[in-house]
Amino acid sequence: KAGVTQTPRYLIKTRGQQVTLSCSPISGHRSVSWYQQTPGQGLQFLFEYFSETQRNKGNFPGRFSGRQFSNSRSEMNVSTLELGDSALYLCASSLEPGGNTEAFFGQGTRLTVV
Amino acid sequence: QQQVKQSPQSLIVQKGGIPIINCAYENTAFDYFPWYQQFPGKGPALLIAIRPDVSEKKEGRFTISFNKSAKQFSLHIMDSQPGDSATYFCSSGGGADGLTFGKGTHLIIQP
């Protein structure tokens with residue numbers, strides 16, 4: 001069974017631009033969560049989607065948004081990029097939402113804002 | 001967001017030794033405690049997980065010990081190998097915000 005696929009793997013953007021990242025979950029998984037990983041803050045929860053609905057959102061500004069499609073694929077968007085948005089963005093897929101079932105991560109998208 | 005405190009930040013162990021990584025959580029709503037292993041350039045990989053109805057779980061060389069009353073859990077790696085050198089994250093789930101992660105432990109197993 002294929003794992004979680006994130007595209008692209010690497011991105012370089014300029015301050016003020018926007019970016020869209022994509023995540024394809026494991027087949028049959030309907031929950032997708034997004035996390036930001038930085039050396040200083042570690043892994044931080046961004047938001048979770050289940051059945052095309054955002055279930056909850058972490059403590060990030062409104063510039064961070066996402067959506068989920070009917071095939072469970074998810075995208076996250078960051079608008080008006082700031083230098084501090086440089087990070088590894090990870091998505092995790094699971095059968096059920098809520099963070100209390102097995103969650104499998106993709107390889108991540110490394111975003112660099114210059 | 002409720003915290004999960006992980007220690008130590010870094011750990012060096014000789015091959016064959018038993019590294020132990022400790023975590024403490026605050027939110028009593030958490031009911032799922034997975035550990036992840038991450039190699040450079042890769043996403044975190046689920047290693048082993050435990051629920052609070054058991055005090056210990058073993059999978060291969062990896063063991064989780066869980067103390068519900070103290071709100072603590074730990075990872076032990078038996079017969080550690082250089083290939084186990086990685087960053088390990090504890091996490092807690094079942095609250096409102098997906099998984100809450102510790103800051104990570106950078107583990108080095110020396111040959």
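Quick caveat: nothing in here was measured; it's all calculated off a predicted structure.

### Things to note about the overall build of chain A
For chain A, the helix and strand inventory stands at zero helices and eleven strands. Shown N-terminal to C-terminal, the secondary structure of chain A runs as helices and strands in the order β-β-β-β-β-β-β-β-β-β-β. Its C-alpha atoms give chain A a radius of gyration of 13 Å, near enough to 13 Å, the size a compact globule of 114 residues would have. Projected onto the principal axes, the alpha-carbon positions of chain A cover approximately 35 × 25 × 25 Å. Burial status across chain A gives 51% buried among its 114 residues. Put simply, 55% of the contacts in chain A that link residues at least 6 apart link residues at least 24 apart. Surface accessibility of chain A: about 5300 Å² in total, with carbon and sulfur atoms responsible for 47%. Computed over 11 positive and 7 negative side-chain charges, the inter-centroid distance for chain A is 6 Å.

### Focus on the side chain of T63 of chain B
On the secondary structure map, T63 of chain B appears in strand 7 (residues 62–67). Excluding residues that lie within four positions of it along the chain, T63 of chain B makes contacts with I48, E56, K57, K58, S74, L75, H76 and M78 of chain B.

### Focus: unusual backbone geometry
Note the cis peptide between T7 of chain A and P8 of chain A, where omega equals -10 degrees. Note that P8 of chain A resides in the loop between strand 1 (5–7) and strand 2 (10–13). Residue S7 of chain B is joined to P8 of chain B through a cis peptide bond whose omega torsion reads -5 degrees. Turning to its location among the elements, P8 of chain B is positioned in the loop between strand 1 (4–7) and strand 2 (10–14). In the Ramachandran plot, S51 of chain A falls in the positive-phi region, its phi being about 50 degrees despite a non-glycine side chain.

About the criteria used
Residues numbered from 1 in each chain as written. Chains lettered and ligands numbered in written order. Predicted model: local features only at pLDDT ≥ 70, side-chain atom pairs only at ≥ 80, totals over all residues. Heavy atoms only, no water. Helix = DSSP H or I, 4+ residues; strand = E, 2+ residues; numbered from the N terminus. Rg over C-alpha atoms; globule rule 2.2 N^0.38 Å. Buried < 20%, exposed > 50% of the residue type's maximum accessible area, 1.4 Å probe, protein only. Contact = heavy atoms within 4.5 Å. Areas by Shrake-Rupley, 256 points an atom, 1.4 Å probe, with all protein chains shown as cover. Lys, Arg positive; Asp, Glu negative; His and termini not counted. Charge placed at Lys NZ, Arg CZ, Asp CG, Glu CD.

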